Amino acid sequence: MSEQARIDCLAFAQDSGVLESVVAVRDFTRLCESLADSTGEIHYRIEAGLKKSGCAFMRLEASGQLQLQCQRCMQAFGWYVATSSHVFVAHDEAELDAWDRQAEGLEEAVLADSQFDWFAWLEDEILLTLPIAPIHLADACPIPDQPLLPVRRPNPFAALATLKQQHKLKS
Ligand SMILES: [Zn+2]
């Protein structure tokens, strides 16, 4: 998969490129480490283009059903994931430094890469949406809600997810 998962970001944006397909969950090696099992598939769409200002961007959308393991009863349950990300593609370091996220309404910026691994990006974005401690909805879990829940460890991605949420609210 990884050999075909490379694109030249800027050329892709100039061509208004679109990648759209379905990939089996089992192909996401890192994601599978956090799942109860690797059944299911993810539908994704990555499109790129140029803003009126000439600024290159890429937009990613992904959705699908994952099997998470409930941390209370340890059984698998289906969890629907839907995520999107919108990034500015900077030509060089200077442009990256000068990037004004407010002006373009984009959430993040990446440096242009002629060998950009979009598959890793897709997997990262899905990983960011996973709950820290997956638990069945209250009435779906065979074990009743106990006052003593497992201690939640700080997740390094939680801050980033919050940041992204804030930018979404602002834009
Ligand atoms: Zn449960």
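Structural data are supplied above this passage.
Residues numbered from 1 in each chain as written. Predicted model: local features only at pLDDT ≥ 70, side-chain atom pairs only at ≥ 80, totals over all residues.

**Thoughts on the overall build of the protein**
Here is the rule we go by: In this text, helices come from DSSP runs of H or I with a minimum length of four residues, and strands from runs of E with a minimum of two, each type numbered from the N-terminal end. As a rule, residues whose C-beta atom has 12 or fewer other C-beta atoms within 10 Å are exposed, those with 20 or more are buried, and those in between are partly exposed; C-beta atoms are placed from the backbone. Residues are scored as being in contact if the C-beta atoms we place from backbone atoms lie within 7 Å.
Helix and strand content of the protein: six helices and seven strands. In the protein, the succession of helices and strands from N to C terminus is β-α-β-α-β-β-β-α-α-β-β-α-α. Going through the 171 residues of the protein one by one, you find that 19% of them count as buried. Pairs at least 24 apart in sequence give 59% of the contacts found in the protein among residues at least 6 apart.

**Topic: the sheet that holds strand β6 (residues 108–111)**
Selection rule: A strand pair is defined by DSSP finding two or more bridges across the two strands. Axis definition: a line fit to C-alpha positions, over the contact stretch in the case of helices; interaxial angles, taken between N-to-C directions, run 0 to 180 degrees.
Strand order in the open sheet formed by five strands is β2-β3-β4-β5-β6, and the pairing between neighbours is mixed. Because the sheet does not close on itself, it has two edges, and the strands there are β2 (18–24) and β6. Recorded for the sheet is a direction-independent mean angle of 25° between the axes of neighbouring strands.

**Overview of the pairing of β2**
Buried residues are scarce in β2, accounting for zero of its seven residues. Pairing between β2 and strand β3 (residues 41–50): seven bridges, direction antiparallel. Looking across to β3, one finds that Ser 21 is bridged to Tyr 44.

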